[in-house]
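# Understanding the architecture of this molecule
Below, each chain spelled out in residue letters.
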Amino acid sequence: QVQLVESGGGLVQPGGSLRLSCAASGIIFRLYAMGWYRQAPGKQRELVASITSGGNTNYADSVKGRFTISRDNAKNTVNLQMNSLKPEDTAVYYCNADRPRLGGTNNYWGQGTQVTVSS
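These figures come from a predicted structure and were not determined experimentally.

### Some points on the overall build of the chain
- A tally of regular secondary structure across the chain gives 0 helices and 11 strands.
- Element order for the chain, N to C, with α for helix and β for strand: β-β-β-β-β-β-β-β-β-β-β.
- Projected onto its principal axes, the C-alpha coordinates of the chain cover approximately 45 × 30 × 25 Å.
- With 119 residues in all, the chain has 36% of them scored as buried.
- Nonlocal contacts in the chain, meaning residues at least 24 apart in sequence, comprise 54% of its contacts between residues at least 6 apart.

Dropping the structure here:
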């Protein structure tokens with residue numbers, strides 16, 4: 001019954017902004033670390049930004065200063081504010097929820113949302 005549903009992707013011009021949202025259900029959201037990953041065609045999936053259950057954040061060097069990750073535990077959502085977008089940001093962006101456990105890991109993925117940065 002776990003679901004992660006991304007929204008907010010689309011086409012934007014270089015230098016523009018976009019805000020991605022991920023709505024989670026079926027998990028105790030506040031206990032999970034949340035992250036945004038992206039994958040371009042023919043490339044490996046990479047971590048863009050993450051936020052722990054306590055609110056600590058981490059960013060890929062390529063997006064530092066431009067992207068901001070945040071979470072709202074009352075709404076079970078995690079957001080990614082993307083500013084000063086570049087063509088190299090073009091990718092499918094995925095929402096991830098992670099909680100390591102003994103005997104395995106609770107790890108869930110959304111279906112992804114396309115972000116295209118082009119003039």
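### Quick word on the state of the cysteines
- Taken as a whole, this structure holds 1 disulfide when the rule is applied.
- The disulfide partner of C22 is C95, and the S-S distance across this bridge is 2.1 Å. Taking the torsion about the S-S bond as the criterion, the C22 to C95 disulfide, at about -80°, is left-handed. Of the two residues, C22 is situated in strand β3 (residues 18–25) and C95 in strand β9 (residues 91–101); the sequence distance between them amounts to 73 residues.
- Overall, the relative accessible area of 0% leaves C95 in the buried class.

How each quantity is defined
- Residues numbered from 1 in each chain as written.
- Predicted model: local features only at pLDDT ≥ 70, side-chain atom pairs only at ≥ 80, totals over all residues.
- Heavy atoms only, no water.
- Helix = DSSP H or I, 4+ residues; strand = E, 2+ residues; numbered from the N terminus.
- Buried < 20%, exposed > 50% of the residue type's maximum accessible area, 1.4 Å probe, protein only.
- Contact = heavy atoms within 4.5 Å.
- Disulfide = S-S within 2.5 Å.

Note that every value here comes from positions in space, so none of it alone points to a role or purpose.
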